[in-house]
Each structure stands twice: as structure tokens, then as C-alpha cells.
Amino acid sequence: MTLPTEEQTIKTWTNGPYTISTDPTLIPLETLNKWFASDDFYWAKDLPLPALEQSLQNSLCFGLYHTADSDNDNDNSFIGIARCITDHVTFAYITDVYVHQSHQGKGLGRWLVKCIGEATEAMPHLRRSMLFTMDWGRSVPFYEKVLGMEVAECKRGEGMAMMMRKGRGYPRSMDG
Ligand SMILES: CC(C)(COP(=O)(O)OP(=O)(O)OC[C@H]1O[C@@H](n2cnc3c(N)ncnc32)[C@H](O)[C@@H]1OP(=O)(O)O)[C@@H](O)C(=O)NCCC(=O)NCCS
């Protein structure tokens, strides 16, 4: 039997009308899937809903909600997400960082990523957190500044080799 670690208990952060929660069951699957299918998520594509639900259940999710909207429509309050694929002990892979256009530019992306930083820093045995991005102009400086991440410079035969292989779910749009 696997017992939940402290890192796996639900966490919530509040900032005025905005809330971040690590409860994956709060995330409206259809809305997230529409985002996945959109050009904003150029690194992803939509999924069969059971597969999407499974990936959220198996991740440390950071759902971003605008609580002032919550009376209007169930989905209206869901305005962003970030996800850590992690064993909650040794490794964390950060992905799917997104704030809906209607709420961008208010510091919410930075807050979302800082919450990931807080959650990963609470893992005493974490060896490494990682992410991939093709956005050298904005994302690389952003993660350097907000999370203290470094670009792993790979040169064959020297230092750390970062290896990867595309899977069957790799979006064709990323092949350029
Ligand atoms: C990236 C994103 C999450 C930022 O959210 P946000 O709430 O607008 O961000 P904030 O208001 O906290 O701050 C913006 C910071 O994010 C940085 N940033 C990183 N990637 C960015 C992007 N693709 N688009 C806009 N800003 C981006 C900006 O440079 C800015 O940093 P600065 O204040 O030092 O100039 C949001 O623009 C988004 O969802 N974009 C589409 C999805 C995407 O590209 N995700 C990749 C995440 S790296």
C-alpha cells in the first residue's frame, strides 16, 4: 500500500480573488482539453478524457482559479494550470504552464511557478527538477529568474548528456 507523503496532501494558496490548488479533481477536464487543443498549447494536443484524467491524477497539478467568478459557471473560474510529473521524492518534471489570456500579465504565471518552486523545495530528497521549452526569448529567462533553473548545455562527450525520445503522443505540430 502506498501512503500519501506530506508532499501529496492537497495544498492551497490564495492571493486576492485568485486561488491555486493542488487538488486534481477540481480541474474541469473539458476546459483543459480545449486548451490542450488550442494554439496556446503548441507543445500538446487534446486527449481522450479518461487519458487526460489519468495524467492529472498521476501528476502534482496546480490549478489556478479566479474565485470571484465561481458563482457564474462551473468552468469560468478555472483560468490556469501548471503540472509537475513527479514521484514526490526524487524527481519533478514541470510542464503545461498556462494562464488564460484574459488573466495574463498580472503576475499569475510567476505566482504559479513560484508555488511549484515551493512544492519542490519541500521535497528533501529531490535530485533534480527539469523542463523543456523552445521559447528562448521569454521562457528561459523567466525560469532562470523565478525558479533559479539553469540551461543544461549539452555537448557530445562533455558534461551531462540529456537524452530524449519522442513518444506516440508527440504533437506533429512540433516537428516544424
Ligand atoms: C507564460 C505565461 C504562463 C505567463 O503568465 P502570466 O500570468 O501572463 O505571467 P506574469 O504576469 O506572471 O509575468 C509574465 C512573465 O512571464 C514571462 N513569460 C515567459 N514565457 C512567456 C510567454 N510565452 N508569454 C508571455 N510571457 C511569458 C514574461 O517574460 C514575464 O516576465 P517579466 O515580468 O520578467 O517580463 C502565459 O503567458 C501563458 O500561459 N502563455 C501561453 C502558454 C505558454 O507559452 N506557456 C509556456 C510557459 S513558459
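Rules used in this analysis
- Residues numbered from 1 in each chain as written.
- Predicted model: local features only at pLDDT ≥ 70, side-chain atom pairs only at ≥ 80, totals over all residues.
- Near = placed C-beta within 6 Å.
- Helix = DSSP H or I, 4+ residues; strand = E, 2+ residues; numbered from the N terminus.
- Nonpolar A, V, L, I, M, F, W, Y, C, P; charged D, E, K, R; others polar.
- Buried ≥ 20, exposed ≤ 12 C-beta atoms within 10 Å, placed from the backbone.
- Pairing = 2+ DSSP bridges.
- Core = buried A, V, L, I, M, F, W, Y, C linked by C-beta atoms within 7 Å.
- Contact = placed C-beta atoms within 7 Å.

K.L.:
I'd like a rundown of the site of the ligand, residues and numbers included.
P.N.:
Looking at the ligand, there are 16 residues lining it, with Gln 104, Gly 109, Arg 110, Arg 138 and Ser 139 nearest. Only strand S5 (91-99), helix H3 (108-121) and helix H4 (139-147) provide two or more residues apiece to the shell around the ligand. Looking at the shell around the ligand residue by residue, the classes come out as five nonpolar, six polar and five charged.

K.L.:
Hey, could you go over the pairing of strand S2 (residues 18-21) for me, with residue numbers and the actual values?
P.N.:
Of the two faces of S2, only one is covered, namely that formed by Tyr 18 and Ile 20; the face formed by Thr 19 and Ser 21 stays uncovered. Here strand S1 (residues 12-15) runs beside S2; their pairing, made up of four bridges, is antiparallel. Note on S2: the bridge partner recorded for Thr 14 is Thr 19. Hairpin geometry of S1 and S2 is characterised by an intervening segment of two residues between the two adjacent antiparallel strands and by a positive phi of about 55° at Gly 16.

K.L.:
An account of the nonpolar core is requested, with residue identities and associated values reported.
P.N.:
Counting residues in each nonpolar core, the largest one holds 24 residues, and the members touching the most others are Phe 62, Leu 64, Ile 81, Ala 82, Leu 112 and Ile 116. Elements with a contribution of two residues or more to this core: S2, strand S3 (60-66), strand S4 (78-86), S5 and H3. Beyond its immediate sequence surroundings of up to four residues, Leu 64 is in contact with Tyr 18, Ile 20, Ile 79, Gly 80, Ile 81, Val 99, Leu 108 and Leu 112.

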